[in-house]
Amino acid sequence: MARSEFLPFSPPSLSELEIEAVANVLRTDWLSSGPKTREFEQTFKTMTGAHAALALNSATAGLHLAMVLHKIGPDTEVITTPMTFCATANVVEHERGHVVLADIDPETLLIDPKEIEKHITKKTKIIMPVHYAGHPADMNAINALAKSAGAAVVEDAAHCMGSKVGDRWIGAGDNLALFSFYANKNLTTGEGGMMTGPEALVEEARTLALHGMSKGAYNRFAKGGTWKYDVPHPGYKYNLTDIASAIGLVQLSRWEELFARRLKIVDVYEKAFAGHKHFVPLKTRTGFQTCRHLYVIQLNLDTLKIDRDQFIEQMTERNIGTSVHYRPVHMNSYYAKKYGWTPESFPKAARAFERMLSLPLSSRMTVEDASDVVDAVEDICAKFKR
Ligand SMILES: *Cc1c(COP(=O)(O)O)cnc(C)c1O
């Protein structure tokens, strides 16, 4: 029996606590970055064990600041993965840098260090892995490659609040890492982001994120503050509001609960799908904890009479929302044109793209919802198997 109600792919999980927290901020005089934003940064820093944390209005803003801090410009190269959201590459273009792609491991869809190595040149300034779907990239290998190339590492951590390598949280290391709190991420403030990393760099970013002014509004307008400031650099407007930070603080306090629910849903999927004939879930590796941001499967198209897009149509017919993460960077027209890339330039990413879809996964789902997804998937496989 198909579901009577549509199951959205990834709705936010907000409670009366977040609503109350926003209302409380609206009752104060601080709407922009103020005491709540400070507290959000401190709590995030403590939770992840980061050296320093800076709240921003998006992960994209943070990725852009990372390009500025590491002086990306013409004649510099940034190596990243084709299997990511366009923002990861777009920020390199904003600074007139050169995007270099390194193909992925087809089982994890993470950037492959062996492919990175092939693309390192004297111009390589940054290696930018993405912790795809919440699964940490192979940071030991990537950090070692960067060190020998004299390059920095910037971690696109938009998927992975709560992921760990061993006991260490992503964000706790010496690289700049950028988290996203966009509406469909595993922790949300509607729009928002966080930069973590070495204190000196993060503090430089703090100035750049607020017009390049030597003092933020909270330091100027609060009691004991002064209006005086200087602008040593023309900066940007990337700060997070206290309204958003209040949501973030509640989300952090609910983190265990939110994560536990994701694990429950994934457990239903993993039990039902183990050794499946018609598709494979992402490979997980011991020693890495994933926050389970996305549940991506790759169809075994040889065993099915329908393609990925038709599979998605069938899911929609059964009232199940899905998504695709992602059309690879090099298959978007801007990048294909500028760099002369064809799908086959990065064949593993292109092949994964053809076969992939993301099943619903959110802290709002119930075990019954997950069973409905399993039923829909099995029904489609049975109906369209070769
Ligand atoms: C969501 C996302 C971003 C951008 O995050 P925003 O907070 O929306 O700017 C960047 N990279 C990846 C991999 C993402 O999924």
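Before going into details, it helps to say that this report is about the structure given with it. These figures come from a predicted structure and were not determined experimentally.

1. Topic: the site of the ligand
Logical step 1: Among the 15 residues in the neighbourhood of the ligand, the closest are listed as T60, D156, H159, S180 and K185.
Logical step 2: Within the backbone of A59, an N or O atom sits 2.9 Å from an oxygen atom of the ligand.
Logical step 3: One of the side-chain nitrogen or oxygen atoms of K185 is found 3.2 Å away from an oxygen atom of the ligand.
Logical step 4: Within the complex, 94% of the 380 Å² of free accessible area of the ligand lies under protein.
Logical step 5: Assessed atom by atom at 2 Å from the grid points, the ligand resides in the largest pocket.

2. Thoughts on a negative patch on the surface
Logical step 1: On the surface, D307, E313, E317, E344 and E354 cluster together into a patch of negative charge.
Logical step 2: Inspection of the secondary structure puts E313 in helix α11 (residues 308–317).

3. Topic: the sheet that holds strand β12 (residues 295–299)
Logical step 1: Spatially, the three strands line up as an open sheet ordered β10-β12-β13, and their pairing is antiparallel. The open sheet has two free edges, formed respectively by β10 (279–281) and β13 (356–359), since each of these has just one partner strand. Each strand of the sheet is rotated relative to its neighbour by a mean of 30°, with strand direction disregarded.
Logical step 2: Relative to β13, α11 is tilted by about 25°, and along the sheet it contacts β12 and β13.
Logical step 3: Sheet strands in contact with helix α13 (residues 347–355) are β10, β12 and β13, and its direction is about 55° off that of β13.

4. Description of the sheet that holds strand β11 (residues 288–289)
Logical step 1: In space, the three strands of this open sheet follow the order β7-β6-β11, with antiparallel pairing throughout. Whereas interior strands pair on both sides, the edge strands pair on one side only; in this sheet they are β7 (168–169) and β11.
Logical step 2: Where strand β6 (residues 164–165) meets β11, two bridges bridge the pair, whose relative direction is antiparallel. Bridging from a neighbouring strand, V165 pairs with F288 of β11.

5. Looking at empty space enclosed by the protein
Logical step 1: Under the criterion given, the structure shown has two cavities of 30 Å³ or more.
Logical step 2: Computed from the structure, the largest cavity encloses a volume of approximately 90 Å³.
Logical step 3: If you go around the largest cavity, you meet 15 residues; those closest to its centre are P12, S13, K185, N186 and R262.
Logical step 4: In the lining of the largest cavity, the residues fall into five nonpolar, eight polar and two charged.
Logical step 5: Looking at the second largest cavity, the residues that line it are H135, E270, P281, L282, T284, R292, L294, Y295 and V296.

6. With respect to the side chain of H135
Logical step 1: Topologically, H135 is positioned in the loop between β4 (124–128) and α6 (139–149).
Logical step 2: By relative accessible area, H135 is classed as buried at 4%.
Logical step 3: Once residues within four sequence positions are removed from consideration, H135 is found in contact with L110, L282, K283, T284, R285, T290 and R292.

7. Focus on helix α1 (residues 16–26)
Logical step 1: Residues E18, A21, V22 and V25 constitute the buried set of α1. Around the axis of α1, the buried residues are gathered within 95° of arc, so they sit on the same side. In this structure, α1 carries E16, I19 and L26 as exposed residues pointing more than 90 degrees from its buried face.

8. A look at unusual backbone geometry
Logical step 1: H325 connects to Y326 through a cis peptide bond whose omega is 10°.
Logical step 2: One non-glycine residue, K71, lies in the positive phi region at around 55°.
Logical step 3: Mapped onto the elements, K71 comes out in the loop between α3 (59–69) and β2 (77–80).
Logical step 4: One non-glycine residue, R96, adopts positive backbone phi at about 65°.
Logical step 5: Tracing the backbone shows R96 in the loop between α4 (87–94) and β3 (98–101).
Logical step 6: Its relative accessible area of 60% is what places R96 among the exposed residues.

9. Some words on α11
Logical step 1: Within α11, the full set of buried residues consists of R308, F311, I312, Q314 and M315. Within α11, the buried residues cover an arc of 160° as seen down the axis, which keeps them to one side.
Logical step 2: Summarising the contacts, the buried residues of α11 are in contact with β12, α13, β13 and α14 (367–384).
Logical step 3: With a side-chain oxygen lying 3.2 Å from the backbone nitrogen of D309, the N-terminal cap of α11 falls on D307.
Logical step 4: The first or second residue beyond α11 is N319, which carries a positive phi of 65°.

10. A closer look at the packing of aromatic side chains
Logical step 1: Taken as a whole, this structure holds 14 aromatic pairs when the rule is applied.
Logical step 2: Seen from their ring centres, F44 and F179 are 5.1 Å apart, and the 70° between their planes marks the pair as edge-to-face. You can see F44 sitting in helix α2 (residues 35–48) and its partner F179 sitting in strand β8 (residues 176–180), a full 135 residues away along the chain. There is no split in this pair, since F44 and F179 are both buried.
Logical step 3: Between the aromatic rings of F44 and F181, the centroid separation amounts to 5.9 Å while the plane-to-plane angle is 65°, which identifies the pairing as edge-to-face. One end of the pair, F44, is in helix α2; the other, F181, is in the loop between β8 and β9 (193–197), and 137 residues separate them in sequence.
Logical step 4: Taken together, the aromatic side chains of Y334, Y335, Y339, W341 and F346 make up a single cluster linked through ring pairs.

About the cut-offs
- Throughout this document, residue positions are counted from 1 along each chain, in the order its sequence is written.
- Restriction of local features to residues with pLDDT of at least 70 applies here, the model being predicted, together with a cutoff of 80 or more for giving and counting side-chain atom pairs; totals for whole chains, interfaces and linings are based on all residues.
- Calculated side-chain values reflect all of the structure's heavy atoms, with hydrogen atoms and water omitted.
- If a single non-hydrogen atom of a residue is within 4 Å of a molecule or strand, that residue counts as near it.
- Pairs of N or O atoms within 3.5 Å make up the polar contacts considered here, provided that, within protein, one atom can donate a hydrogen while the other can accept it, and that residues adjacent in sequence are counted only when both atoms are side-chain atoms.
- The Shrake-Rupley method, run with a 1.4 Å probe, gives the accessible areas here. Residue values count only the displayed protein chains as cover.
- Residues are called lining when one of their atoms sits within 4 Å of a cavity or pocket point, these points coming from a 1 Å grid over the protein atoms alone, where a cavity is a set in which a 1.4 Å probe fits but cannot get out and a pocket is an open set with protein on both sides within 12 Å along at least five of seven lines.
- Throughout, a molecule is located in a cavity or pocket provided that more than half of its atoms lie within 2 Å of its grid points.
- Note on patches: the residues involved have over 30% relative accessible area and no salt bridge, like charges join within 9 Å, and the nonpolar side chains Val, Leu, Ile, Met, Phe, Trp and Tyr join within 5 Å.
- By convention in these notes, a salt bridge is any Lys or Arg side-chain nitrogen within 4 Å of a carboxyl oxygen on Asp or Glu.
- Under this rule, positive means Lys or Arg and negative means Asp or Glu; His and the chain ends count for nothing.
- A single reference atom marks each charge: NZ on Lys, CZ on Arg, CG on Asp, CD on Glu.
- Numbering goes from the N terminus for both helices and strands, where a helix is a DSSP run of H or I of at least four residues and a strand is a run of E of at least two.
- Strands qualify as paired when DSSP identifies two bridges or more between them.
- Between N-to-C directions, angles cover 0 to 180 degrees, with each direction set by a line fitted to C-alpha atoms, over the stretch in contact for helices.
- The criterion used for residue contact is that any of the two residues' heavy atoms lie within 4.5 Å.
- Grid points are joined across faces, edges and corners, and a volume is the space filled by probe spheres set on the points.
- Polarity classes work like this: nonpolar for Ala, Val, Leu, Ile, Met, Phe, Trp, Tyr, Cys and Pro, charged for Asp, Glu, Lys and Arg, and polar for all others, with Gly in that last group.
- Three exposure classes are used, based on accessible area relative to the maximum for each residue type with a 1.4 Å probe and protein chains only: buried under 20%, partly exposed in between, and exposed over 50%.
- In this context, the arc is that of the directions from the helix axis out to the C-beta atoms.
- Note on ring pairs: Phe, Tyr and Trp rings are taken, using the six-membered ring of Trp, and paired if centres are within 6.5 Å. Classes follow the plane angle, with under 30 degrees stacked, over 60 edge-to-face and the rest tilted.

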